[in-house]
Structure formats: C-alpha cells, structure tokens
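# Chains, contacts and geometry: an overview
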Amino acid sequence: MELRHLRYFVAVAEERHFTRAAKTLGIGQPPLSQQIQQLERELGAPLFHRLPRGVALTPAGQAFLDDARRILREAQQAIERVRRVASGEQGRIRVGLINSAPFHPLVPRVIREFRRRYPEVALSLEERTTPALAAAVRNETVDVAFVRPLLDSGEGLCVEPVLEEPLLVALPAGHALARRKRLPLLALSLEPFVLFSRPVGAGLHDEIIQACHAAGFSPRVVQEASQVTSIVNLVASGLGVSIVPASMQQMQIEGVTYRPIQGISARARLSLIYREADRALPQILNLRQLTRRLREPPSGAADGFVASPAAAGRTDR
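All of the points below concern the structure found in this document. Owing to the predicted nature of the structure, the values given are computational and were not obtained by experimental measurement.

A few words on the overall build of the protein chain. The helix and strand tally for the protein chain stands at nine helices and twelve strands. Put simply, the protein chain has 317 residues, and 49% of those count as buried. Long-range contacts, defined here as pairs at least 24 residues apart, represent 72% of the contacts in the protein chain between residues at least 6 apart.

Written out as structure tokens, the structure reads:
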C-alpha cells in the first residue's frame, strides 16, 4: 500500500464516482479503477458498492476513510515538518553569551528578532566566559556564541566579527578626575586598576594594557575579575578605576561615572563563534544572517555603539 492508493481511495470516496475522481486526480478512469481494486485485494475487503451511477462506501470503506484521511494528513504534516527543520524554522539552537554582551543593544535585538521570526525553534541562552564558551562550542554543548576576541581560536572554530565599540574610563562617583569631560589615559597612571584576568578575557585585557603602554605607563592592577559587570561593581565600591566597553553604561550602577578616553583608538570587539563543520546548518546560518542584517550602521557612533564596517560578510578562522 502506498500513499497514492490512499489519495485515490479518498478521492473516489468524496466524489462517489470513478470518472469524476479520475478527473480530479488528473489520471484516467481505468487506471484509477485498477488501483482501487488492487487496494481492495490488499486489504481483503471491498471498499465500494459499484452502483449504476457511481459508488457508495461499504461499512469497511467508511471505517477506512477516516484512517486514510488521517494518514494522509499526518504524512503531509511530516513533509512540512522536515521542510521547516531543513530551512531552520524548527529545531533548536543553543546560544552562548559573555556576561557583557546583552548590554550592547545589538545582541538583545538579535535574540528577540530571531525568536519572533522562528517561533518554532527552541532557543536557549547560556552565559559563560569567553574561554568557557569557546570550549562549549567545540564540545557541542553550545552551537554559537557571542564572545570577546580569543587568544587562539584553534582548529574547527569560525570567528565572525560582529561589532566594535569605544572604551570608556569607569571612575568611582566623586573621583577627582570625574570633573573632566574627557580623560587622557596618562591621567590614570597613578590610579589602582580593576581589570579582567587575562585568561578569562584575553582580547579585551590585551587591548587595554596595550593602550596604557602606548600612553606611557603600565596599569597598577589591584583586583582582577572574570566579568565586566563585576568590574563595574568593584569600581562603584571605590576599589579602583577601570576601562570598559561603552555599552556598560547601560548598567546604570549607582556610584560609577563614565568618561570618554582622549587620544586613543582602542576598541572593545565582539565576535560570533561556531563550529566550522556546522557553519551551513540552517539555524546557525539564520542567526548569522540575522546578526549581519541587524548590525547597527556607522551612524550609531553618536550613541557610543559602533558596528565594525569591516565585519560585514567577513569570517576569520
């Protein structure tokens, strides 16, 4: 028994006439009669009473009609389900985020829009440090992740630049330097610093250290932290100053003042990482393409959030 036998049977049952059913199906009447006879022989029971003008369902045919319709409906649903999964409209995707990623408006916008466009894809979020997310992507417990630059992406990972934004000085509220609208980094040379530990945030850590060296000093780090949010809270407690991505202003923590940095071009960068072998998987491809489309244009620079123009369409390994 094949699905076409069921379609032929349902057509004859609904038309109550072989000739009309054949026209509806787009086949000849004799082949249709032969297919129905073959189905009846396979089932071991007549499905129709042949009448002078048409046909009528037998009790067995009436019972079989409901099942035939259900099987055809479920078969069509299965086909549609496969197509949705193949196009990334169903399934699941596990997205990793570093602690600071949601503070940039682009990242929540991507997550929100992905859920709106693909409501049947189960999207889960997991927050970890950049090295932990890289490990999770490699061992396939996370599919794609928003991270800071890695020390070494290694084999098997694709790194796709997403955005870059300015760095700001974070000062305890009431700090003497807060009276200035912009600060040269050298003004911080005698200040205690709160920074990332390098193994946790190598890319951003190195960017900050190099900027300080270029300004003529090495920062005196009195406390390290694994998350930018922890750093900002430590600054608020008066433990020291720090240099953080501009998007961290969104935290609005009492006790912290932010000031632009004068005379440096250091930036905080965010990238999307995923397994090279999975780069064409529908859900991952849809998220990548959506991120590119929603990336903020350069005009967003006025708000302190700038997407990297060089990132568009570029994938580094």
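Take the pattern of salt bridges next. Counted by the stated rule, this structure contains 18 salt bridges. Two residues, R288 and E160, come together in a salt bridge whose shortest N-O distance is 3.0 Å. In this pair, R288 is assigned in helix α9 (residues 282-294) and E160 in strand β6 (residues 157-172), connecting sequence segments 128 residues apart. The same class applies to R288 as to E160, namely buried. Each of R94, D143, R275 and D278 takes part in salt bridges that share partners, so that together they form one network.

This part covers the nonpolar core. Among soluble globular proteins, nonpolar side chains are generally buried collectively. In this structure, L188 and V232 are the most contacted members of the largest nonpolar core, which totals 37 residues. Of all the secondary structure elements, the ones that give two or more residues to this core are β6, β8 (192-196), α7 (202-215), α8 (228-236), β10 (242-245) and β11 (256-262). Apart from the residues within four sequence positions on either side, V232 is in contact with V244, M248, M251, I253, V256 and Y258. Counting residues in each nonpolar core, the second largest holds 35 residues, with V110, F114, V142 and I284 among its members.

Turning our attention to the pairing of strand β4 (residues 121-127). One face of the sheet, then the other: side chains in a regular strand alternate in exactly this way. Bridging between strand β3 (residues 91-97) and β4 involves seven bridges; their strand directions are parallel. Residue pairing in the sheet places L97 in a bridge with E127 of β4. Considered for its hand, the β-α-β crossover made up of β3, helix α5 (residues 106-117) and β4 is right-handed.

Basis of the calculations
Residues numbered from 1 in each chain as written. Predicted model: local features only at pLDDT ≥ 70, side-chain atom pairs only at ≥ 80, totals over all residues. Heavy atoms only, no water. Helix = DSSP H or I, 4+ residues; strand = E, 2+ residues; numbered from the N terminus. Buried < 20%, exposed > 50% of the residue type's maximum accessible area, 1.4 Å probe, protein only. Contact = heavy atoms within 4.5 Å. Salt bridge = Lys/Arg side-chain N within 4 Å of Asp/Glu carboxyl O. Core = buried A, V, L, I, M, F, W, Y, C linked by side-chain atoms within 4.5 Å. Pairing = 2+ DSSP bridges. Right-handed = clockwise from strand over helix to strand, strands pointing away.

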